[in-house]
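Chain and residue survey
Below are the chains, spelled out letter by letter.
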Amino acid sequence: MYGGLDGVVSVFVSIAATAGSTNNVTVALVLGLAKLFAGGLSMGVGDWLATDAEVDLARRERAREEWECENFLEGEIEEMVHLYVKKGIDEASARRLVNIMAKNRKGFVDIMMSEELGMALDTEDKKPWAHGLVNFGSFMTFGLIPLLVYIIVVAADPNIRPETVFYISIGTTALTLIGLGIAQSIVTKSGGMLKNAAILLALGAFASGLGYGMSYLLAYTTGVTLE
């Protein structure tokens, strides 16, 4: 979802920035496609590498905790007792609880990974390549939406005014952002669909307006346009 949000916003910002300095539809399409593929690849590879580092860290921390349990079990027990005491459990009860948990070595390590280190237990099972592929696909799918308007509308009417194509792309992008906001609320079960939709729409409008304004300002002050 976040890959899709980044895709639709960043690609449309490229289109908006182009529209700020030229009415050439071909230039907008070429720059938009360049941003789509470069951004999608960057997003996918970045997520793949980040997830791979996260998995590697989790595996190294598990190995360290297992070694410490094997060689310094009492020290690990004391750490967990101290942790539970800080959470409000009296020391005697915390010690009884931790001693029981320590009898199951794998379960004890799982608990330390989660409660002491704050790591999700499914981190080691993540597939970095799958995360990268999903983010890449999401970016490409949603990022293509603003460009499809240019491709379809211009193909249907080659003589259409560039401003009209841009306005249609604005509407399509706005509807996409609203849809993503609603989908975010449904997936996360956080409620506030209208609020999420409004936030994404406002962020998209701000970023696009900034890109358009900067491009227009530079074209106006320098006389350089994209033709």
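Located above this text is the structure these notes cover.
Description of the structure in this document. Predicted model only: the values in this text are computed from it and were never measured.

Per the secondary structure count, the protein chain includes eight helices and zero strands. Starting at the N terminus, the α and β elements of the protein chain follow one another as α-α-α-α-α-α-α-α. Relative to the compact-globule value of 17 Å for 227 residues, the protein chain shows a C-alpha radius of gyration of 26 Å, a clear excess of over 25%. For the protein chain, the C-alpha atoms occupy an extent of roughly 80 × 35 × 30 Å along the three principal directions. Here the protein chain holds 227 residues, and the buried ones make up 37% of them. Put simply, 73% of the contacts in the protein chain that link residues at least 6 apart link residues at least 24 apart. If you sum the accessible surface of the protein chain, you get close to 12,900 Å²; carbon and sulfur atoms cover 67% of it.

Between two packed helices, the angle of one axis relative to the other and the distance separating the axes together describe the packing. With their axes 7 Å apart at the nearest point, helix α4 (residues 91-102) and helix α5 (residues 105-116) run at an angle of 125° to one another. When the axes of α4 and α5 are compared, the pair comes out oblique. Residue-level contacts link Val98, Met101 and Ala102 of α4 to Arg105, Phe108 and Ile111 of α5. When the residues that make up the contact of α4 with α5 are grouped by side-chain class, the tally is five nonpolar, no polar and one charged.

Turning our attention to a nonpolar patch on the surface. Among the surface-exposed residues, Leu41, Val45, Trp48, Leu49, Trp129 and Leu133 lie close enough to one another that they form a single nonpolar patch of about 650 Å² accessible area. At the level of elements, α2 (25-71) and α6 (128-156) are the ones that each hand at least two residues to the nonpolar patch. The greatest single-element share of the nonpolar patch, amounting to four residues, is contributed by α2. By the element assignment, leucine 41 lies in helix α2. Take leucine 41: its relative accessible area is 53%, and that puts it in the exposed class.

Of the volumes computed, that of the largest pocket is approximately 180 Å³. Put simply, the parts of the chain that give the lining of the largest pocket at least two residues each are α1 (2-19), α7 (162-188) and α8 (193-222). It is α8 that provides the largest number of residues to the lining of the largest pocket, a total of six residues. Residue classes in the lining of the largest pocket are distributed as 10 nonpolar, four polar and no charged.

Moving on, we come to the nonpolar core. Core analysis: the biggest nonpolar cluster contains 18 residues, and Val11, Ile15, Leu36, Tyr150, Val165 and Phe166 have the highest contact counts within it. Breaking this core down by element, the ones donating at least two residues are α1, α2, α6 and α7. The dominant element in this core, judged by the number of residues it contributes, is α6, at six residues. Excluding residues that lie within four positions of it along the chain, leucine 36 makes contacts with Val11, Phe139, Met140, Gly143, Leu144 and Leu147. Counting residues in hydrophobic clusters, the runner-up holds 16 residues, among them Ile77, Met80, Leu83 and Met119.

What counts and how
Residues numbered from 1 in each chain as written. Predicted model: local features only at pLDDT ≥ 70, side-chain atom pairs only at ≥ 80, totals over all residues. Heavy atoms only, no water. Helix = DSSP H or I, 4+ residues; strand = E, 2+ residues; numbered from the N terminus. Rg over C-alpha atoms; globule rule 2.2 N^0.38 Å. Buried < 20%, exposed > 50% of the residue type's maximum accessible area, 1.4 Å probe, protein only. Contact = heavy atoms within 4.5 Å. Areas by Shrake-Rupley, 256 points an atom, 1.4 Å probe, with all protein chains shown as cover. Axes fitted to C-alpha atoms, helices over the stretch in contact; angles between N-to-C directions. Parallel < 35°, antiparallel > 145°, perpendicular 65-115°, else oblique. Nonpolar A, V, L, I, M, F, W, Y, C, P; charged D, E, K, R; others polar. Patch = residues over 30% accessible without salt bridge, like charges linked within 9 Å, V, L, I, M, F, W, Y side chains within 5 Å. Salt bridge = Lys/Arg side-chain N within 4 Å of Asp/Glu carboxyl O. 1 Å grid on protein atoms, 1.4 Å probe; cavity = no way out; pocket = protein on both sides within 12 Å on 5 of 7 lines; lining within 4 Å. Points joined across faces, edges and corners; volume = space filled by probe spheres on them. Core = buried A, V, L, I, M, F, W, Y, C linked by side-chain atoms within 4.5 Å.

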